[in-house]
Amino acid sequence: MSMSPTPDTTYRVTGMTCGHCALSVREEVEELDGVERATVDHEAGTLVVHGTADAAAVRAAVADAGYELVA
Ligand SMILES: [Cu+2]
């Protein structure tokens, strides 16, 4: 049994309609300092951030991609 050293934080994102939307969000979020990896599901409207970026930084990156975090 092992624990991951990397925290996972799940956010909800509005406005994504297809895989291209999800890719845009993933690319922006993965550019943030402290983010190892981001997993985006456009159908579920979820963004899972694997790393230590704070919510404000994630929100800004999602906005840069053209979408919005659900508060
Ligand atoms: Cu799309």
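Attention here is on the structure that accompanies the text. (Residues numbered from 1 in each chain as written. Predicted model: local features only at pLDDT ≥ 70, side-chain atom pairs only at ≥ 80, totals over all residues. Heavy atoms only, no water.)

Quick look at the coordination of the copper ion
The coordination sphere of the copper ion contains the protein donors Cys18 (SG) and Cys21 (SG), at a distance range of 2.0 to 2.1 Å. Relative accessible area serves as the criterion here: at 8%, Cys21 is assigned to the buried category. (Donors = N, O, S within 2.8 Å, 3.2 Å for Na, K, Ca; no water. Buried < 20%, exposed > 50% of the residue type's maximum accessible area, 1.4 Å probe, protein only.)

A look at helix α1 (residues 19-30)
In this model α1 runs 16 Å from its N-terminal to its C-terminal C-alpha over 12 residues, within 8% of the 16 Å that 1.5 Å per residue would give. Along α1, the positions that sit buried rather than exposed are Cys21, Ala22, Val25 and Val29. Down the axis of α1, the buried set is contained in an arc of 95°. They therefore lie on one face. Buried residues in α1 make contact with β2 (35-41), β3 (46-51) and α2 (55-65). (Helix = DSSP H or I, 4+ residues; strand = E, 2+ residues; numbered from the N terminus. Expected span 1.5 Å × (residues − 1). Arc of directions from axis to C-beta. Contact = heavy atoms within 4.5 Å.)

Describing the sheet that holds strand β4 (residues 68-69)
Ordered by their spatial adjacency, four strands build an open sheet running β2-β3-β1-β4, and the pairing between neighbours is antiparallel. Looking at strand neighbours, the two that pair on one side only are β2 and β4, the edges of this open sheet. Where β2 meets β3, six bridges bridge the pair, whose relative direction is antiparallel. Each bridged residue has a counterpart across the sheet, and for Thr39 the counterpart in β3 is Val48. Each of β2 and β3 is contacted by α1, which is oriented at about 165° to β2, the strand it contacts most. (Pairing = 2+ DSSP bridges. Axes fitted to C-alpha atoms, helices over the stretch in contact; angles between N-to-C directions.)

Digging into the packing of α1 against α2
Running from amino to carboxyl end, α1 crosses α2 at an angle of 135°, the nearest separation of the two axes being 8 Å. Accordingly, the angle class assigned to the pair α1 and α2 is oblique. Viewed along their axes, α1 and α2 form a crossing whose handedness is right-handed. Touching Ser24, Val25, Glu28 and Val29 of α1 are Ala61, Val62, Asp64 and Ala65, all from α2. (Parallel < 35°, antiparallel > 145°, perpendicular 65-115°, else oblique. Left-handed = near helix turned anticlockwise from the far one by under 90°.)

So, α2
Inspection of α2 places Val58, Ala61, Val62 and Ala65 among the buried residues, and these make up the whole buried set. Seen end-on, α2 carries its buried residues on one side only, within an arc spanning 100°. With respect to the buried face of α2, the exposed residues turned more than 90 degrees away are Ala56 and Asp64. Buried-residue contacts for α2 involve β1 (8-14), α1, β3 and β4. Gly66 occupies a position one or two residues after α2 and carries a positive phi of about 100°.

Any functional reading would require information that these geometric values do not contain.
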